[in-house]
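Summary of structural features
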Amino acid sequence: MVRLYALVAAGGFRRYATYRTATFAGLFTNTVFGFILAYTYMALWDERPHLGGYDMADALAYVWIGQGLITVCGLMGGGFEDEIIERIRSGDIAVDLYRPADLQAWWFAANLGRASFQFLARAVGPMAVGALAFDIALPERAVTWPAFLVSVVLGASVSFGIWYLVALTAFWLMDGTGVAQVAWLTGLFFSGMLLPLNVFPGSLGEVAQALPWASLLQVPADVYLEKYQGWGVLRAYAFQAGWAVALLAAGRLVQSAATRKVVVQGG
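Some words on the overall build of the protein
Scanning the protein from terminus to terminus reveals twelve helices and zero strands. Element order for the protein, N to C, with α for helix and β for strand: α-α-α-α-α-α-α-α-α-α-α-α. For 267 residues, the compact-globule estimate of 2.2 N^0.38 gives 18 Å, and the C-alpha radius of gyration of the protein, at 19 Å, lies within 12% of that figure. By its C-alpha atoms, the protein is 65 × 40 × 35 Å across when sized along the principal axes. The long-range fraction of contacts in the protein, counting pairs at least 24 apart against all pairs at least 6 apart in sequence, stands at 81%. Accessible area of the protein: about 12800 Å², with a carbon and sulfur share of 68%. Counting 16 positive and 17 negative side-chain charges, the protein places the averaged centre of each group 11 Å from the other.

Brief notes about the nonpolar core
Among the nonpolar cores identified, the biggest contains 53 residues, and Ile65, Val72, Phe148, Leu217 and Tyr224 are the most heavily contacted of them. Secondary-structure elements contributing two or more residues to this core are α2 (20–47), α3 (56–72), α6 (103–133), α7 (144–168), α9 (177–190), α11 (218–224) and α12 (231–266). The element contributing the most residues to this core is α3, with eleven residues. Excluding residues within four positions of it along the chain, Val72 makes contact with Arg114, Ala115, Gln118, Phe119, Ala123, Val152 and Ala156. Judged by nonpolar contacts, the second largest core, of 19 residues, contains Ile88, Ala167, Ala180 and Ala183.

Details of the packing of α3 against α6
At their nearest, the axes of α3 and α6 sit 8 Å apart, and the two run at 165° to each other. Put simply, α3 runs roughly antiparallel to α6. Crossing hand, α3 versus α6: right-handed. Contacts between α3 and α6 pair Trp64, Ile65, Gln67, Gly68, Thr71 and Val72 from the former with Arg114, Ala115, Gln118, Phe119, Arg122, Ala123, Pro126, Met127, Val129 and Gly130 from the latter.

A few points about α2
For α2, spanning 28 residues, the distance from its first C-alpha to its last is 41 Å, which sits close to the expected 40 Å at 1.5 Å a residue. Within α2, the full set of buried residues consists of Thr23, Gly26, Asn30, Thr31, Gly34, Ala38, Tyr41 and Trp45. Against α1 (2–17), α3 and α6 lie the buried residues of α2.

Observations concerning a nonpolar patch on the surface
A surface patch of nonpolar side chains, about 530 Å² in accessible area, is lined by Phe24, Phe28, Val32, Phe33 and Ile36. With respect to the helices, strands and loops of the structure, Phe28 is situated in helix α2.

Some points on the packing of α2 against α6
Packed helices, taken two at a time, are described by the angle between their axes plus the distance between the axes. At a minimum axis separation of 10 Å, α2 and α6 run at an interaxial angle of 35°. For the crossing formed where α2 meets α6, the hand is right-handed. On the side of α2, the interface is formed by Thr23, Gly26, Leu27, Asn30, Thr31 and Phe35, while α6 contributes Phe117, Ala121, Arg122, Gly125, Pro126, Val129 and Ala133. Split into classes, the residues belonging to the contact of α2 with α6 amount to seven nonpolar, five polar and one charged.

What to know about the pattern of salt bridges
Enumeration according to the criterion identifies six salt bridges in this entry. Notably, a salt bridge pairs Glu83 with Arg15, separated by 3.1 Å at the nearest N-O pair. Separated by 68 residues along the polypeptide, Glu83 in helix α4 (residues 81–90) and Arg15 in helix α1 bring together distant segments of the chain. Judged by its relative accessible area of 30%, Glu83 falls in the partly exposed class. A relative accessible area of 37% means that Arg15 is categorised as partly exposed. The shortest N-O distance in the salt bridge between Glu226 and Arg141 comes to 3.7 Å. Within this pair, whereas Glu226 is found in the loop between α11 and α12, its partner Arg141 is found in the loop between α6 and α7, the two being separated by 85 residues in sequence.

A short note on the side chain of Glu226
Taking the relative accessible area as the measure of exposure, Glu226 reaches 12% and is therefore buried. Of note is the side chain of Glu226, whose polar atom sits 3.1 Å from the backbone nitrogen of Glu140. Ignoring any residue separated from it by four or fewer positions in sequence, one finds Glu226 in contact with Pro139, Glu140, Arg141 and Thr144.

Details of the side chain of Asp58
Mapped onto the elements, Asp58 comes out in helix α3. In this structure Asp58 touches Gly53, Ala137, Leu225 and Lys227, once residues within four positions along its chain are discounted.

Calculation criteria
Residues numbered from 1 in each chain as written. Predicted model: local features only at pLDDT ≥ 70, side-chain atom pairs only at ≥ 80, totals over all residues. Heavy atoms only, no water. Helix = DSSP H or I, 4+ residues; strand = E, 2+ residues; numbered from the N terminus. Rg over C-alpha atoms; globule rule 2.2 N^0.38 Å. Contact = heavy atoms within 4.5 Å. Areas by Shrake-Rupley, 256 points an atom, 1.4 Å probe, with all protein chains shown as cover. Lys, Arg positive; Asp, Glu negative; His and termini not counted. Charge placed at Lys NZ, Arg CZ, Asp CG, Glu CD. Core = buried A, V, L, I, M, F, W, Y, C linked by side-chain atoms within 4.5 Å. Buried < 20%, exposed > 50% of the residue type's maximum accessible area, 1.4 Å probe, protein only. Axes fitted to C-alpha atoms, helices over the stretch in contact; angles between N-to-C directions. Parallel < 35°, antiparallel > 145°, perpendicular 65-115°, else oblique. Left-handed = near helix turned anticlockwise from the far one by under 90°. Expected span 1.5 Å × (residues − 1). Patch = residues over 30% accessible without salt bridge, like charges linked within 9 Å, V, L, I, M, F, W, Y side chains within 5 Å. Salt bridge = Lys/Arg side-chain N within 4 Å of Asp/Glu carboxyl O. Nonpolar A, V, L, I, M, F, W, Y, C, P; charged D, E, K, R; others polar. Polar contact = N/O pair within 3.5 Å; in protein donor to acceptor, adjacent residues only side chain to side chain.

These figures come from the coordinates and say nothing about function on their own.
This is the structure:
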């Protein structure tokens, strides 16, 4: 079974690698918006130095990390939920549920392959451009780079858990578009895509940093910026892993309920 899911992940990587024009367009768009946000952040941090505990270099690095992870961690969509929703709507999902491969594990592996490609194709590029065009913060310790990659993988896992649950709502709503739009807006705000969550005031900031969306950008960015030291990195991982496990478990329960629903209707 492990070999099967490894092949599915490799297939997900190859699938997105074939969309060369779309990849280039996305890379260009991320870079353009990176420049817009960078200059916006520069104006804001000129007025409020050390806002949220970041200096100017940290803030600029945060911008380009966000542009790099926007597709990797599914800040605006997981890249697979629309396909699942369409298969539910058409009834093709019944075939998927009766296959010997687990539905959740299959899509998790496929999404991991997608995220791996997006990291190489649409994360490395914008972050490199940002480093060349601006004085962004770079990790002082070599170990921070692999630590950052681990946090990104965990963030992508949390993202999958969120979007998988969104997709499965179509079993009862028949059209998950509305739920997906709510999830998109919620994720855009609570992931820190607009502003770092540590800039949010009072209780709003505390709540935002406790929600799963913080795992998608805020936590990986703070790992990169070395805001976590020593055991703090492990605590950051535990936060992300805890949400990943909780969301995947919830997805498993919803999937089981959906399978029973399909069996009853089929009978």
